[in-house]
Structure formats: C-alpha cells, structure tokens
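Architecture at a glance
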Amino acid sequence: MFPKIMGGFFWDAYDNLGKVILFNLLWFFISLPALLMVYFGLTVKMPYLMMAGMLIPGIGWLGASLSGLFFVTQKMVDQKDITLKDFFLGIKFWGIQSALYTLFWVLVFFLAGLNIRFYLNLGPQIKWMGAVLAGLFFWLSLVALFSLQYFYPLITRQNPPIKKLFIRTLLLVIDNLGITILSGMMTFSLLTLSLITGIGLFFFSFSLTTLFTQNLLFETLAKYDEMERLKKFREEKKLHPSQPKEKPTSWHQILPELNNSDSVNPDPDQPPKLKWRHEGRGWKDILRPWDM
C-alpha cells in the first residue's frame, strides 16, 4: 500500500504543482499574523497571562487556516476541480472545530512534555521508575503525533462526531501501524526539508504535507473498501455459485475466448479488479506530458 501512497502523492503534486504553490502562499499570508503571535509568545519574555493571550488565539488561528489546505488537497486527491473559493470554504466548514482540536492537541503535547520532564527529575531512589514513566509518556506522545496524519484528513473527508473521530483515528493507527510509522517519517521529512530550505515555508511546506496525509487516508480507506467489496463478492458467490465451465471441444470455441482474454476476468472466484486512479502512468508522462 505504501507504494500507492507515494505514487498517488507524487502524481497529485505533479498534476497540481501550480495550485500547491498558490494555496501554500495563500495559507502563509493568511496565517502570518498567527505565526508572529506564536513566535513572540514563545520567544519574548512576558507575563504568563499575556503569553497565553498570544499563544491561544495564534494556535487556534493556525488550526483554522490549515482546514482550508486540507480541503483543497482532499479535492486534489479526489481529482476534482479546485477554485480559490474552496480554500475559504474549508475554513468556513471546519475552521472552528479544527482550531479547537489544534488547541487540544497542543495542550496534550505540552502536558506530556511536563510529565516527561517531571519523571526524569525524580530522586535517585526511584530514578528507574521515573525513566520508565517518562519513556511511556514519550511513546504515547509519539503515537499521538503519528495519529494526526489521519485525524485532520478525517475531519474534511468524513466530518464524524468527536467521539467517532478519535475512535476511528486510533483504530486506523493500530490496524496500520507499519504504514503509519513510514508515513510519519515521510511527513516529518517533508516538513523538515521545507523549513530547512527557507523558501519552502512560503511555497510548499504545509500544502505538500497535507496532500501527503490526504493520500495516506485515501489509500487506507480504499484498502478497507476493497476488503468489503471482496467479502460481498464471496457472499454473493455462496448464494449464487457459478456453474462449472464446459471444456471447449473445438477451435471455434477456443479462439473467441483467446481474443477476449483481456476483457474477461481470469479468475471467476475473484471480483474484477478496480482501476487505480493513476493506473498506467509512468516516466513517459513526465518526459512527454503532451502524450497524456
């Protein structure tokens, strides 16, 4: 499944490169006041109440603006037409809840950091216990961080109630742990490379990251859809088993089957394979895009 995630991400970014840059620039300029509020709240020495007054609205603002990016990148994955209006529709539909969820997750990671620091500074008599508890909080924080790859895309794709949102996110992480870890490393690499280059923050940092996580969710859900389709097909086969095929007795019967071999499902006990949305694309589409 990971090759499909990477392939889908590459082709979606390739097909929408101009929009990826445009929407990242739009996100950056809309989020610039929030970025400055967070920056000054973390770096300038000020009373705690004033610091909270800058960090809370700044972080919430960032969460709300990201919902616009998640919505337009979802439409890229779904291969739908995208307009500038879609970015603001994403903020309109999911901005408030994305802001609240972002504040919640920041609080979770902040408290986890405090717990790790506290347990690492326990007395020498119970230092081993502190190390175990600090490690536990560290790994729980890491799992929570990786789960965000599903959490925010689920908001724009399914918009489930809060309880179902957390349950579905947790189940997706547990059932796809290997893919989640690989994708988490890829997401971290994308963000790191974007920020290291400097200009990446302006042109493609969060638009590429959100596009990748939307591909992750799309292919993961497609896996479950395929499993459900196969299950229904087998149940249907049990109710209506196919009749055994008679062996051909002459070339008049064999030749038509050979000529139609591409259009006939080779295994009658398996459902017809669904075509992947980027099926058949390769290097020639990059080197000779006019032939697409």
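Relevant structure appears above.
Fair warning: this is a prediction, and the values are worked out from it, not measured in the lab. (Residues numbered from 1 in each chain as written. Predicted model: local features only at pLDDT ≥ 70, side-chain atom pairs only at ≥ 80, totals over all residues. Heavy atoms only, no water.)

**Some details on the overall build of the chain**
- Looking only at helices and strands, the chain has eleven helices and zero strands in total.
- Across the 292 residues of the chain, 35% fall into the buried class.
- Sequence separation of at least 24 residues holds for 75% of the intrachain contacts in the chain that already meet a minimum separation of 6.
- Accessible surface, the chain as shown: approximately 18500 Å² in total, 71% of it carbon and sulfur. (Helix = DSSP H or I, 4+ residues; strand = E, 2+ residues; numbered from the N terminus. Buried < 20%, exposed > 50% of the residue type's maximum accessible area, 1.4 Å probe, protein only. Contact = heavy atoms within 4.5 Å. Areas by Shrake-Rupley, 256 points an atom, 1.4 Å probe, with all protein chains shown as cover.)

**Considerations on a negative patch on the surface**
- A surface patch of negative charge is lined by Asp225, Glu228, Glu235 and Glu236.
- Looking at the secondary structure, you find Asp225 in helix H9 (residues 205–239). (Patch = residues over 30% accessible without salt bridge, like charges linked within 9 Å, V, L, I, M, F, W, Y side chains within 5 Å. Salt bridge = Lys/Arg side-chain N within 4 Å of Asp/Glu carboxyl O. Lys, Arg positive; Asp, Glu negative; His and termini not counted. Charge placed at Lys NZ, Arg CZ, Asp CG, Glu CD.)

**Notes on the side chain of Asn176**
- Mapping Asn176 onto the fold places it in the loop between helix H6 (162–175) and helix H7 (177–197).
- Excluding residues that lie within four positions of it along the chain, Asn176 makes contacts with Met1, Tyr150, Thr220, Lys223 and Tyr224.

**Considerations on a nonpolar patch on the surface**
- Together, Phe29, Leu32, Leu36, Tyr39, Phe40 and Val44 make up a nonpolar patch on the protein surface, roughly 560 Å² of accessible area in all.
- With respect to the secondary-structure elements, Leu36 resides in helix H2 (residues 17–43).

**Details of the pattern of salt bridges**
- Throughout the structure, instances matching the rule amount to three salt bridges.
- Lys75 is the salt-bridge partner of Asp86, the closest N and O atoms lying 3.2 Å from each other. Separated by eleven residues along the polypeptide, Asp86 in helix H4 (residues 84–120) and Lys75 in helix H3 (residues 48–77) bring together distant segments of the chain. In this structure, Asp86 and Lys75 share a single accessibility class: buried.

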